[in-house]
Every structure is written in C-alpha cells, then in structure tokens.
Amino acid sequence: MKKSTAAMFAAGVSGVMVGLAMLGAADGGSDQTKPRYTADGKLKTIDPEVFRDWVQLGTPVTPNDQNNGEAAFPEFHAVYVPQWAWAEYKKTAKWPDGTILAKELIKVGDKKAPSGAGYFEGEFNGLDVAVKDKSKGPEAPGNWLYYNFNHGKPPYAAEAAAQPKANCSSCHESNAGPEADFVFSRYYPKVKAAAAKVKK
Ligand code: HEC
C-alpha cells in the first residue's frame, strides 16, 4: 500500500517535470537568472515575482524633498542580484559574466510612521536593469549594458533595447568607476563587506 502510493507520487512528480520542461522549451528558456534576449537582441524582462526573491543589495532613496522637488528618480531604488551571481561575488569580489542587477523603483509613501518621521516605501514605480554580458557589450565599460523597462507602475515592458551610453553608462563610468566595476557598491554595505572578506 505504502509502496504503491510512493510510486504514484513519483509518477506524478515526473509528469509535472516533463510538463515544466516542455513549458521551458516553448518559452525559449525559462531561467530568468541569466539574461534572455529576443531574436532582435533586446533584453527580455524579468518577472517581478522572480527578481524580488533575489538577494537584495541595498535600497537608496533620493526623495524630491531633498532635491528641490525634482529628483531624477525620486523613489527608493531596491537593487537585486540573482543568488548564483552573489555566491560568485562572495568568492571572488568580482561580478561574473551574465550578472543581472535589477533596480526596482518604489515611490515614497508615508512620511510618518509609529517609529517616527521618515520615508516609507509606497508603490512600485519602474524597473532599470544592468547586465554584464561580454558577448553583447564587448566594448562597454565592464561589459555592462543598461536597460529601462518603464518609469511607471507595473506591468513593466516585456523587452527593452540597450540604452545609449549617454543615458546610463557614462554616469556609472565616471562616478562608480572601473575600481568598483561600474557598480555603486559604496552604497551597499553588504557588497563592501563581502569584498573586504575576499581581499583579507
Ligand atoms: C547621473 C548618474 C546616473 C545615471 C545617468 C544613471 N545612473 Fe544608475 N545609478 C546611479 C547611482 C548613484 C546609483 C546608486 C545609488 C542609487 O540607486 O541612487 C545607481 C544604481 C543603478 C543600478 C543598481 C546597481 C549599481 O550600479 O549600483 C542600476 C541597475 C542602474 N543604476 C541602472 C541604470 C540605468 C538603466 C540607467 C539609464 C536608464 C542609469 N542607471 C542611469 C547613477 C546613475
């Protein structure tokens, strides 16, 4: 009795796995932790339910209140990286080829909470992504290409073309610089701590 239940369960599981594998194939590859491109070379979006479960590096905020009412990005910037790339970073203090950094913008909501006055996260409001891909950006600084999937509420765009250098890369190049691999790690204490541990 026990044995047959186990056998039935195993059959059910393998049926589901076959189903999943077929879905993956139809979609042209379902692993969203690596960059996926359309036939014409645009980056496919990442499902928010997927990237919000990645490792969160930090969440800077540049509120309008402190930028004369006109911050370029007045939201919180929640930055995520897939688990595999973070594990690699912790070993080497380098972002491996194929790394995706997803930055979701989240509006400032309440400015007062039981804990005090401040800035509290409100609504989701946009998605910026940086991808390190040698094959797509052999000439780009650090092989990073930058993409914008909307500056507004979800659903975000399904695909995006790489942004011209002046829009994104030039600021990362001159302000984060090659020593930080063009990533603003100085605002992510967790990244700094991991790098310090490798270099010790
Ligand atoms: C004027 C400078 C500037 C420009 C232009 C700029 N960024 Fe950034 N970016 C920053 C800074 C500073 C941070 C870190 C602090 C923060 O989020 O406010 C950052 C963080 C990021 C991150 C998180 C990873 C990291 O490098 O720290 C991503 C992803 C990102 N930007 C993508 C983009 C994209 C896509 C564009 C163009 C559409 C863009 N950025 C344009 C300054 C800039």
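In this report, the structure presented in the accompanying data block is examined. A quick note: this is a predicted structure, and the numbers were derived from the prediction, not measured. (Residues numbered from 1 in each chain as written. Predicted model: local features only at pLDDT ≥ 70, side-chain atom pairs only at ≥ 80, totals over all residues.)

**Some points on the overall build of the chain**
Then, in step 1: Counting its secondary structure elements, the chain contains five helices and nine strands.
Then, in step 2: Mapped in sequence order, the helices and strands of the chain form the string α-β-α-β-β-α-β-β-β-β-β-β-α-α.
Then, in step 3: Among the 200 residues that make up the chain, the fraction classed as buried is 25%.
Then, in step 4: Counting contacts in the chain only where the partners sit at least 6 residues apart, residues at least 24 apart contribute 51% of the total. (Helix = DSSP H or I, 4+ residues; strand = E, 2+ residues; numbered from the N terminus. Buried ≥ 20, exposed ≤ 12 C-beta atoms within 10 Å, placed from the backbone. Contact = placed C-beta atoms within 7 Å.)

**Re the nonpolar core**
Considering soluble globular proteins, one finds that nonpolar side chains tend to be buried as a cluster.
Then, in step 1: One finds Y80, V81, L101, A102, V129 and Y147 to be the most contacted residues of the largest nonpolar core, which totals 33 residues.
Then, in step 2: Here the element with the most residues in this core is strand β3 (residues 76-81); it accounts for five residues. (Core = buried A, V, L, I, M, F, W, Y, C linked by C-beta atoms within 7 Å.)

**Observations concerning unusual backbone geometry**
Then, in step 1: Backbone torsion omega between P154 and P155 reads 5 degrees, so that peptide bond is classified as cis.
Then, in step 2: The residue P155 is located in the loop between β8 (144-148) and β9 (159-160) in this model.
Then, in step 3: In the Ramachandran plot, A93 falls in the positive-phi region, its phi being about 60 degrees despite a non-glycine side chain.
Then, in step 4: Along the chain, A93 falls in the loop between α3 (83-92) and β4 (100-108).
Then, in step 5: The backbone of N150 shows a phi angle near 120 degrees, a positive value even though the residue is not glycine.

**A closer look at the site of the ligand**
Then, in step 1: Taken together, 21 residues form the shell around the ligand, and within it H77, Y146, C168, C171 and F184 come nearest.
Then, in step 2: Within the residue set of the shell around the ligand, elements represented by two or more residues are β3, β4, β7 (121-132), β8 and α4 (169-175). (Near = placed C-beta within 6 Å.)

**Things to note about the sheet that holds β8**
Then, in step 1: Here five strands make up an open sheet; going across it, the order is β2-β3-β4-β7-β8 and the pairing antiparallel. Taken across any chain shown, the strands that pair with only one partner, and hence form the sheet edges, are β2 (55-58) and β8. Strand-to-strand twist in this sheet, taken as the mean axis angle between neighbours without regard to direction, amounts to 30 degrees.
Then, in step 2: As paired strands, β4 and β7 are joined by seven bridges and run antiparallel to one another. Counted as the bridge partner of L101 is A130 from β7. (Pairing = 2+ DSSP bridges. Axes fitted to C-alpha atoms, helices over the stretch in contact; angles between N-to-C directions.)

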